[in-house]
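So the chains spell out like this:
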Amino acid sequence: MTPLPGPGGDLLTVPQVMARLQLGRSAVYDLLRTRQLASITLGRARRIPAHALNDFIRTRLEQDAA
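Okay, so let's go over this structure. Because the structure is a prediction, the values reported are computed rather than measured. Every chain's residues receive numbers from 1 upward, in the order its sequence appears when written. At least 70 in pLDDT is required for a residue's local features to be given in this predicted model, at least 80 for side-chain atom pairs to be given and counted, and no such filter applies to totals for whole chains, interfaces and linings, which use all residues. Just so you know, side-chain values use all the structure's heavy atoms and leave hydrogens and water out.

**Topic: the sheet that holds strand β1 (residues 11-12)**
- Strand pairing requires that DSSP identify at least two bridges connecting the strands. Numbering of helices and strands starts at the N terminus; helices are DSSP runs of H or I of at least 4 residues and strands are runs of E of at least 2. Taken together, the three strands give an open sheet; going across it, the order is β1-β3-β2, and neighbouring strands pair in antiparallel fashion. Of all strands in the sheet, those with a lone pairing partner are β1 and β2 (40-42), marking the two edges.

Right under this line is the structure:
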């Protein structure tokens, strides 16, 4: 698969996001359902752009610092 143009063009699976955030499947799907974490659907597959995960982490860090 060719990455999208620009930084962080990779698409991650839910299990990859689970591993990176050290969260369970339900917690990740809750983040997706509440749109705290952006995703796209390709057929029945859910994919999370790497930049969306980075944005989510950055936002949470800024919230915790405030």
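Still more to cover.
**Here's the deal with the pattern of salt bridges**
- Here a salt bridge means any side-chain nitrogen of Lys or Arg lying within 4 Å of a carboxyl oxygen belonging to Asp or Glu. Following the criterion strictly, the structure yields two salt bridges and no others.
- A salt bridge links D55 to R58; its shortest N-O distance comes to 2.9 Å. Of the two residues, D55 and R58 are both situated in helix α3 (residues 50-65); the distance of three residues between them amounts to about one turn of the helix.
- When a residue's accessible area, from a 1.4 Å probe over protein chains only, is under 20% of the maximum for its type it is buried; when over 50% it is exposed; and in between it is partly exposed. The class for D55 is partly exposed, based on a relative accessible area of 35%.
- On the basis of relative accessibility, which here comes to 44%, the residue R58 falls in the partly exposed class.

**With respect to the packing of helix α1 (residues 14-21) against helix α2 (residues 25-33)**
- The N-to-C vectors of α1 and α2 enclose an angle of 105 degrees; their axes lie 9 Å apart at closest approach. Classified by the interaxial angle, the pair formed by α1 and α2 is roughly perpendicular. In contact with V14, P15, V17, M18 and L21 of α1, α2 contributes R25, V28, Y29, L31 and L32. Axis definition: a line fitted to C-alpha atoms, over the contacting stretch in the case of helices. Angles run 0 to 180 degrees between N-to-C directions. Angles are sorted into four bins: roughly parallel if under 35 degrees, roughly antiparallel if over 145, roughly perpendicular if 65 to 115, and oblique for all others. Throughout, a residue-residue contact means that at least one pair of heavy atoms, one from each residue, lies within 4.5 Å.

**With respect to the environment of R60**
- Counting through the fold element by element, R60 comes out in helix α3.
- By relative accessible area, which is 36% here, R60 ends up partly exposed.
- Each C-alpha atom of the pair R60 and Q36 lies 9.9 Å from the other, and the pair is 24 residues apart in sequence.

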